[in-house]
Amino acid sequence: MATHGAPQGYTLKAEGMTVAVVSTRWNAHIVERLHRRALEKARELGAKADEYLVAGALELPVVAQACAQRYDAVVALGCVIRGETAHFDYVCDSVTAGLTRVALDEGTPVGNGVLTVEDEDQALDRAGGEGAKEDKGAEALEAALGAAVELAKVAAVGPAQV
């Protein structure tokens, strides 16, 4: 979710909903900010959040999938910083495709809060907290819970009439 054009005048209420926050241990000083901000946002919205930690970004989709079978929403948080090889591109593509597949296969919203940045300064600007320009952990959580609220509305309508 980009800062420019972000939703305005929208109040999300997610009381009673459950969300899994799955975070990587890689680039911990950045991901810990994302993680903390996501948990704070969950409390603010009235949702119960459980925490899970994985080694790196490539491990996010499989744990997210297990969580998607048990929670109303899942948030995946991590930080991939471009290096000198093509590894960055493979990791970013794989993680994005994996998280998208989890959401569609399980019918559970998955907020993608995996930062894909050129350098540490860009990551810190997006990780929330003091001095940050953006708050991607909180934004990913809010996006996932917002979709979960809408899916609950769809489920409440009942089966389609033929």
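Residue numbers here run from 1 along each chain, matching the order of that chain's written sequence. Confidence filtering applies because this is a predicted model: local features only for residues at pLDDT of at least 70, side-chain atom pairs given and counted only at 80 or more, and all residues used for totals across whole chains, interfaces and linings. Processing note: side-chain calculations cover all non-hydrogen atoms of the structure and skip hydrogens and water entirely.

Points about helix α3 (residues 87-106)
Think of it this way: any DSSP run of H or I at least four residues long counts as a helix, any run of E at least two long counts as a strand, and we number them from the N terminus. Every helix has an expected span of 1.5 Å times one less than the residues it contains. An ideal rise of 1.5 Å per residue puts 28 Å on 20 residues; α3 measures up with 28 Å between its terminal C-alpha atoms. For every residue, the accessible area obtained with a 1.4 Å probe (protein chains only) is divided by the maximum for its type, and the residue is called buried under 20%, exposed over 50%, and partly exposed between those limits. Within α3 the residues assigned to the buried category are F88, V91, C92, V95, G98, L99, V102 and A103. Down the axis, α3 shows its buried residues gathered within 140° of arc, on one side only. Facing away from the buried side of α3, by more than 90 degrees, are the exposed residues Y90, D93, R101 and L104. Residue contacts are counted whenever heavy atoms from the two residues lie within 4.5 Å of one another. Residues of α3 that are buried make contact with α2 (60-68), β3 (73-81) and β4 (110-117). In the segment just after α3, G107 is the residue with positive phi, at about 70°. This arc is taken over the directions from the axis of the helix to the C-beta atoms.

Description of the pairing of strand β2 (residues 48-54)
Two strands form a pair only when DSSP identifies at least two bridges running between them. For strand β1 (residues 18-24) and β2, the ladder comprises 7 bridges, and the chain directions are parallel. Pairing of S23 across the sheet is with L53, part of β2. Here the term right-handed applies to a crossover when the path leading from its first strand over the helix to its second strand runs clockwise, the strands being oriented away from the viewer. Once the chain exits β1 it traverses helix α1 (residues 28-45) before rejoining the sheet at β2, and the crossover so formed is right-handed.

Some remarks on α2
Buried within α2 we find L60, P61, A64, C67 and A68. Each buried residue of α2 sits inside an arc of 120° when the element is viewed along its axis, so together they form one side.

Notes on the packing of aromatic side chains
Note on aromatic pairs: the rings of Phe, Tyr and Trp (six-membered ring only in Trp) are paired at centre separations within 6.5 Å, and the planes decide the class, stacked below 30 degrees, edge-to-face beyond 60, tilted for the rest. All told, the structure shown has 1 aromatic pair when counted by the stated rule. When the centroid spacing of 6.2 Å and the interplanar angle of 80° are considered together, the rings of Y52 and Y71 count as edge-to-face. You can see Y52 sitting in strand β2 and its partner Y71 sitting in the loop between α2 and β3, a full 19 residues away along the chain.

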